[in-house]
Amino acid sequence: MKIMYTAKATSTGGRAGHGATDDGVLDVTLTTPKELGGDGARGTNPEQLFAVGYSACFLGAIKGAARQSKTVIAEDSTVTAEVSFRDRDDGEGYWIQAALQVHLPGLDKATAEDVVRRAHIICPYSEVSRNGFDVTLDVV
């Protein structure tokens, strides 16, 4: 498969550290939420970053699905992603789960549901949620 784009980011310090993309556009202080034992310092965390990415990507997929059916999506349409961090059932680690709330003003419920269903097929974050993704581990 052809790779169309690659984002590259490096983190130090884990959940309480720093993360940045190689192009310098994203540069964040990482903090652990109080709910996970952190000190509540100002910063972001991986779940928040995933929620922003998923909500933005899913809205893009909605627009793509709408174009296919010649449906007009209002400029003030929104997708809100809730990403939760939890224990895994096997007790070996952790899991994330997501819930998406989609607001498509101006569309009747049946049309909105059809566009969202098709967007869930198109969106790569949704595909990862269904099937996982390839990871290469390289110790340097």
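Whatever comes next refers back to the structure up there.
Because the structure is a prediction, the values reported are computed rather than measured. (Residues numbered from 1 in each chain as written. Predicted model: local features only at pLDDT ≥ 70, side-chain atom pairs only at ≥ 80, totals over all residues. Heavy atoms only, no water.)

## Observations concerning the side chain of Arg 118
The residue Arg 118 is located in helix α2 (residues 109-122) in this model. At 3.0 Å, the side chain of Arg 118 and the side chain of Ser 69 are in polar contact. With near-sequence residues (within four places) excluded, Arg 118 lies in contact with Ala 65, Gln 68 and Ser 69. (Helix = DSSP H or I, 4+ residues; strand = E, 2+ residues; numbered from the N terminus. Polar contact = N/O pair within 3.5 Å; in protein donor to acceptor, adjacent residues only side chain to side chain. Contact = heavy atoms within 4.5 Å.)

## So, the pattern of salt bridges
Overall, the coordinates contain seven salt bridges when judged by the stated rule. Across the salt bridge formed by Asp 114 and Arg 117, the nearest N and O atoms sit 2.9 Å from each other. Of the two residues, Asp 114 and Arg 117 both sit in helix α2, three residues apart, roughly one turn of that helix. A salt bridge links Glu 127 to Arg 130, with the shortest nitrogen-to-oxygen separation between them at 2.8 Å. Taken together, the residues Glu 127 and Arg 130, both in helix α3 (residues 124-131) and three residues apart, mark about one turn of the helix. On the accessibility criterion, Glu 127 (35% relative accessible area) is partly exposed. A single network of salt bridges, built from pairs that share partners, joins Asp 114, Arg 117 and Arg 118. (Salt bridge = Lys/Arg side-chain N within 4 Å of Asp/Glu carboxyl O. Buried < 20%, exposed > 50% of the residue type's maximum accessible area, 1.4 Å probe, protein only.)

## Focus on the sheet that holds strand β3 (residues 27-30)
Pairing between the strands of a sheet comes from backbone hydrogen bonds, and it takes one of two forms, parallel or antiparallel. With respect to topology, three strands assemble into an open sheet ordered β1-β2-β3, the strand pairing being antiparallel. Taken across any chain shown, the strands that pair with only one partner, and hence form the sheet edges, are β1 (9-12) and β3. The mean inter-strand angle of the sheet, taken between neighbouring strand axes irrespective of direction, is 15 degrees. Pairing geometry for strand β2 (residues 17-21) and β3, over four bridges, is antiparallel. Among the inter-strand pairings, Gly 19 is bridged to a residue of β3, identified as Val 28. (Pairing = 2+ DSSP bridges. Axes fitted to C-alpha atoms, helices over the stretch in contact; angles between N-to-C directions.)

## Let's talk about the pairing of β1
Looking along a regular strand, one sees the side chains alternate between the two faces of the sheet. Sheet topology places β1 next to β2; four bridges connect them, and they run antiparallel. Each residue of the ladder has a partner; that of Thr 10, found in β2, is Ala 20. The hairpin formed by β1 and β2 contains four residues between the paired strands, and Gly 13 there has a positive phi angle of roughly 85 degrees.

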